[in-house]
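A closer look at the structure
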Amino acid sequence: MTNIEEIQIRPCNTQADRDWLIQLWQREWGGTTMVTCGVSHSLTDLEAFIAWEKNERVGAVTYRKDEDEAELMSINAIVKGKGIGSKLLQVLEEKLGKQGYRKLWLITTNDNLDALRFYQCRGYRFVSIYPGAVDEARKVKQTIPLIGEYGIPLHDELKLEKVIDDDYTRERDLKI
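Residues numbered from 1 in each chain as written. Predicted model: local features only at pLDDT ≥ 70, side-chain atom pairs only at ≥ 80, totals over all residues. Heavy atoms only, no water.

**Details of the sheet that holds strand β7 (residues 103-109)**
Working definition: the strands of a sheet are paired by backbone hydrogen bonds and lie parallel or antiparallel to each other. With respect to topology, 7 strands assemble into an open sheet ordered β1-β4-β5-β6-β7-β9-β8, the strand pairing being mixed. Looking at the sheet topology across the chains shown, the edges are occupied by β1 (7-11) and β8 (125-130). Sheet twist, expressed as the average angle between the axes of neighbouring strands with direction ignored, equals 25 degrees. When β8 meets strand β9 (residues 157-163), the two strands line up antiparallel, connected through 5 bridges. Considered in β9, the bridge of I129 is made with L158. Each of β6 (69-77), β7, β8 and β9 touches helix α3 (residues 113-121); the most contacted strand, β9, lies at about 15 degrees to it. (Pairing = 2+ DSSP bridges. Helix = DSSP H or I, 4+ residues; strand = E, 2+ residues; numbered from the N terminus. Axes fitted to C-alpha atoms, helices over the stretch in contact; angles between N-to-C directions. Contact = heavy atoms within 4.5 Å.)

As structure tokens, then:
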């Protein structure tokens, strides 16, 4: 059983970390390319943190930075419901806030009800919907399925964002 206090979050900075992340992305995301808002992003161009429990990798978060905001590209916890994803997201928000970034945003799909719940509970708000964006992305990344989670046809992208700052505290998210 995972004890969240024992989870350490470290930057992805070794070749072994990258190799593990590539395997994770291939298993969870169907390859090492992510398409959001019609733009392809390669895993090799992203920054990442990895969650560790003792000597085992148990999760990861990847992101990319623009001028004053960042895009959350992926978040994965090997064991669901143990707080690993929350801790990864907290560390990322804190790091970005301290670096002067004021907004973290993400794209998810219309079928991803669990993610929508997860992000809204952590202060993320809907800002845009892109009808048909997944249908367009499928032309670039053929591994995107037609039917998503809960049997929901996969068509649209949803954008959520959260304003972050250097006063961000982790107390709220740890309680969720």
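**Digging into the environment of F126**
Summarising the element assignment, F126 is placed in strand β8. We classify F126 as partly exposed; its relative accessible area is 43%. Separated by 52 residues in the primary sequence, F126 and S74 have C-alpha atoms spaced 17 Å apart. Here F126 is in contact with L116, Q120, L158, K159 and L160, once residues within four sequence places are set aside. (Buried < 20%, exposed > 50% of the residue type's maximum accessible area, 1.4 Å probe, protein only.)

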